Amino acid sequence: MRLHRFIIACALMALFAMPGSALAEEPVGDAAKGAADQVSAAESTEQLTPEQLAAKKKEEEQLKMHSDFSRFSDSWIARLNRSHSNGFNNMNIIEDGGVFRARYHRIEKRSSVVRESPSQPGHYCGILRYQDTVYEAVGKSREECTGGEFVPVSGTARAFSEIFQFKNGAWK
């Protein structure tokens, strides 16, 4: 989540550093000058060409789509983990020769990407990549294994990708 905020902040900084903006032309000063810079930045919007304004609006729209999809994909992963039939709340505990093994599946987000349709400008799709991994803990009793340290079981990770569309103001 922090990485997404950092990326958005960097993109906004780059956006305001476009040629012709007050922030790109003047050095950063003290707090009083900062307020004047904000007013100058607002006035510089009027100085941008129509192409620059369209590009700026497009960048803002894309940043919003990336941010919205990031939040949506995080909630989607949480929902998958809550409803997984072999998730943490439904872990499988077996006894094997006096040793107990507790196993559960955990879904972890790997990446998310938002793309605009080249054939239909303004239509976006989001690609979410995640992984389902089995975690296991071992103990001498049920309580010991469920309270122990869970580690990924080698060779159990399965990768998935899902594609979502942005329709009617929401990701679906």
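Structure: above.
Residues numbered from 1 in each chain as written. Predicted model: local features only at pLDDT ≥ 70, side-chain atom pairs only at ≥ 80, totals over all residues. Heavy atoms only, no water.

A. Examining the side chain of E136 more closely. Counting through the fold element by element, E136 comes out in strand β3 (residues 124–139). Polar contacts involving the side chain of E136 include one to the side chain of R101, which spans 3.5 Å. (Helix = DSSP H or I, 4+ residues; strand = E, 2+ residues; numbered from the N terminus. Polar contact = N/O pair within 3.5 Å; in protein donor to acceptor, adjacent residues only side chain to side chain.)

B. Main features of the pattern of salt bridges. Tallied over the full model, the rule gives 9 salt bridges. With its nearest N and O atoms 2.7 Å apart, the salt bridge here joins K64 to D68. Taken together, the positions of K64 and D68, both in helix α4 (residues 50–83) and 4 residues apart, correspond to about one turn of that helix. We classify D68 as buried; its relative accessible area is 16%. Across the pair E136 and R103 runs a salt bridge, and its minimum N-O distance is 2.8 Å. Placement of the pair is E136 in strand β3 and R103 in strand β2 (residues 99–116), with a sequence separation of 33 residues. Among the residues examined, E136 registers a relative accessible area of 13% and is labelled buried. In the salt-bridge network here, residues are joined through shared partners; they are K64, D68 and R71. (Salt bridge = Lys/Arg side-chain N within 4 Å of Asp/Glu carboxyl O. Buried < 20%, exposed > 50% of the residue type's maximum accessible area, 1.4 Å probe, protein only.)

C. Expanded view of the environment of E61. Along the polypeptide, E61 turns up in helix α4. Setting aside anything within four residues of it in sequence, one finds E61 in contact with G122 and Y124. (Contact = heavy atoms within 4.5 Å.)

D. Structural detail: the nonpolar core. Core analysis: the largest hydrophobic core is formed by 12 residues, namely M65, F69, F72, W76, I77, I107, V114, Y124, L128, Y130, F164 and W171. The set of elements that each furnish at least two residues to this core consists of α4, β2 and β3. With 5 residues, α4 is the single largest residue contributor to this core. Apart from residues lying up to four places away in sequence, F72 is in contact with F164 and W171. Y135, A137, C145 and F150 belong to the second-largest nonpolar core, a separate cluster that totals 8 residues. (Core = buried A, V, L, I, M, F, W, Y, C linked by side-chain atoms within 4.5 Å.)

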